[in-house]
Amino acid sequence: MKKLMKGNNALAEAAILAGCRFFAGYPITPQTEILEYLAKHLPKRGGHFVQTESELAGINMVMGAAATGFRAMTSSAGPGFSLKQEGISYLCSMELPAVIVDVMRYGIGLGNIVLGQGDYFQAVKGGGHGGYKVPVYAPSSVQENVDYITMAFDTAEAYRTPVILLSDGAIGQMAESVELPEAKEHDPDKYDWTLKGRDAAHPTGRKMTDRIYYDFAYSEYDPHIRERYSKMEEELQMWEEIELADAEVVLVSYGISSRVCKEAVKLARKKGWKAGMIRPITLWPFPRKAFEKTNKMAKAYLSVEMNACGQMVEDVALYGRSVPVYSYPSGRVIADPEVILQKIEGIFQGTEKEVF
Amino acid sequence: MLNQFIFAGFGGQGILTAGLLLANTASVHGKEVIWMPSYGSEMRGGTANCSVKIDDEMISSPFIKKIDYLIVMNKPSLDKFLPQVREGGTVILNSSIITEVPEMPKLQKIAVPAGEICEKLKNERGANICMLGALAGCCELFTREEYETGIKDYFSAKPQFHEGNMAVFEAGYQCVKGE
């Protein structure tokens, strides 16, 4: 049976249902309900909730829990997400599964607590050091918060990698009807690579670091990293296609912005404009395969996102090859479907200016 | 058909809950629904609002441009949202607090003395549910019984308040139907 839930609460509940038994993090708007919910419910369901003294402590405790095989999660937003970047890089080097939620807000520095899509670069391009890559899921509804958090835990273990769930203030704060999945029990001892205590057997050794640190396995390191990321890049791409069959102007949008773009595509179709949309569900890997199809017939891409200068638009240009790319970063307010429609018309009529 | 509602008032008047009660009514009865609160640097005593969109089909955007039903509990909220109400739309206002009401010839106006009603019924925190009763009286998206089940379901952990809630709901409903 469906149930009305706020995005943040639904995400937290879905994490418990997915077998998450450890959470450590620090409150910050607009994701605080995740902590509030888990503080209340996680201990009752056999898990541990820690409100840490800082985001740094949160991500590092998650690292410890992940090393023992537990399904572990932390969440933050804006400046708090910045503080987690070093930990994400370390999780990548140790090849530890964990889920990091960023409920995006708007602006640089402290910015503002209102909804926004300010962290695309940071989540997708490696906000920490060293050039790692992390699968990033971008939900666009409360139901997808539930579905993708479940998927995030599975992907994290299947590829032994941290996974980022890139939600935003609107999806976190709004309430919709959701269908929750069945509860899963997770056995923390089922993998051979986990730390199991002093007397247990550790077939892969007891070191939680990459192999160049203790083993000096320099020649194996680069090929291993390359193979790891190219496998994820090939296997994890997900996207949604809307009215793409004959689309000439293809909107590209994710998360909350994709909701208004769907409305804009409807408006455009009503007026006879051949508009469609690619909604990336994974932001890394970016859905290259979707663009390989649309590059053959699209006359233009229009990237719509909620930040000041456009961030994802650079990936649209990268994967859109020689197709002209237009950008509509709607800034501090959500894009207006009527304005998107005007841009679509402008592209068809040749009055809009391309950015790439 | 898409119906769009804004609930607005002072923080602490239960305005977000009123919206959630309507959203829950929609959810319980199988409609597509989105509830969205305003949030920012709000504080107790400041203004708060939330929007509710209800439809039979998937709703793409959670944001509202034209309001079908505006439920307001203080003057600043009325001033802020009145220009967004569509022609032929409905404004339900808390006349215990909003004493100066502008002319609105193209709109349906419903005045609910929620403060007096709640005082009389000794349920001083029930003004939001009283306003919802008035909405039930004029918005036929749901039957009266459906509204009641929606409210009851939302407060299922607090059955002791049901009777009091229903009394103020009924009084609000009669503000529309009793005339």
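Residues numbered from 1 in each chain as written. Chains lettered and ligands numbered in written order. Predicted model: local features only at pLDDT ≥ 70, side-chain atom pairs only at ≥ 80, totals over all residues. Heavy atoms only, no water.

Draft legend 1. Spatial organisation of the side chain of Glu144(A). One can find Glu144(A) in helix 7 (residues 142–158). For Glu144(A), the residues in contact, after removing those within four places along its chain, are Ala138(A), Pro139(A), Ile149(A) and Arg279(A). (Helix = DSSP H or I, 4+ residues; strand = E, 2+ residues; numbered from the N terminus. Contact = heavy atoms within 4.5 Å.)

Draft legend 2. Inspection of the sheet that holds strand 12 (residues 275–280) of chain A at higher detail. Residues and elements named next belong to chain A. Ordered in space as 10-12-11-14-15, the five strands form an open sheet in which the pairing is mixed. Looking along the sheet, the strands with just one partner apiece sit at the ends: strand 10 (239–242) and strand 15 (325–329). On average, each strand axis in the sheet is tilted by 20° relative to the strand beside it, whichever way the strands run. Pairing of strand 11 (residues 249–252) with strand 12, which is carried by four bridges, proceeds in the parallel orientation. Residue pairing for strand 12: Leu251 is matched across the bridge by Met277. Where helix 11 (residues 255–270) meets the sheet, it contacts strand 10, strand 11, strand 12 and strand 14 (300–305), and its direction lies at approximately 165° from that of strand 12. (Pairing = 2+ DSSP bridges. Axes fitted to C-alpha atoms, helices over the stretch in contact; angles between N-to-C directions.)

Draft legend 3. Broad picture of the interface of chain A and chain B. At the interface, 24 residues of chain A touch 19 residues of chain B. Approximately 1,700 Å² of surface area, both sides summed, lies buried where chain A meets chain B, with 61% of it carried by carbon and sulfur atoms. Looking only at chain A, the three residues that lose the most surface to chain B are Leu4(A), Gln173(A) and Arg259(A), adding up to 28% of its buried area. Inspection of the chain A/chain B interface yields one salt bridge. Between Asp336(A) and Lys65(B) there is a salt bridge whose closest N-O contact spans 3.1 Å. (Buried area = accessible area lost by both parts, 1.4 Å probe. Salt bridge = Lys/Arg side-chain N within 4 Å of Asp/Glu carboxyl O.)

Draft legend 4. Highlighting the pairing of strand 1 (residues 3–10) of chain B. All names here are of chain B. Buried residues dominate strand 1, accounting for seven of its eight residues. Here strand 1 runs beside strand 3 (residues 47–55); their pairing, made up of eight bridges, is antiparallel. Within strand 3, the residue paired with Phe10 across the bridge is Thr47. By the bridge criterion, four bridges tie strand 1 to strand 4 (residues 67–72) in an arrangement that is parallel. When the bridges of strand 4 are listed, Phe5 appears paired with Tyr69. (Buried < 20%, exposed > 50% of the residue type's maximum accessible area, 1.4 Å probe, protein only.)

Draft legend 5. Up close: the pattern of salt bridges. Residues and elements named next belong to chain A. All told, the structure shown has 33 salt bridges over all chains when counted by the stated rule. The residue Lys231 makes a salt bridge to Glu235 at a minimum N-O spacing of 3.2 Å. Placement of both Lys231 and Glu235 in helix 10 (residues 218–235) is noted, with a separation of four residues, approximately one turn of the helix. Residue Glu235 is classed as partly exposed on the basis of its relative accessible area, which comes to 43%.

Draft legend 6. How the structure looks around helix 10 of chain A. All names here are of chain A. Spanning 18 residues, helix 10 covers 27 Å between terminal C-alpha atoms, matching the ideal 26 Å at 1.5 Å per step. Where helix 10 is concerned, the buried positions are Arg228, Tyr229, Met232 and Glu233. Taken end-on, helix 10 shows its buried residues confined to a sector of 130°, consistent with a single buried face. With respect to the buried face of helix 10, the exposed residues turned more than 90 degrees away are Ser219, Arg226 and Glu227. The elements touched by buried residues of helix 10 are helix 5 (85–94), strand 13 (282–284) and helix 12 (288–294). (Expected span 1.5 Å × (residues − 1). Arc of directions from axis to C-beta.)

Draft legend 7. Focus on empty space enclosed by the protein. Residue and element names in this part refer to chain A. Here the structure, examined in full by the defined rule, presents one cavity of 30 Å³ or more. One number sums up the size of the largest cavity: a volume of about 60 Å³. Top element by residues in the lining of the largest cavity is helix 7. It accounts for three residues. (1 Å grid on protein atoms, 1.4 Å probe; cavity = no way out; pocket = protein on both sides within 12 Å on 5 of 7 lines; lining within 4 Å. Points joined across faces, edges and corners; volume = space filled by probe spheres on them.)

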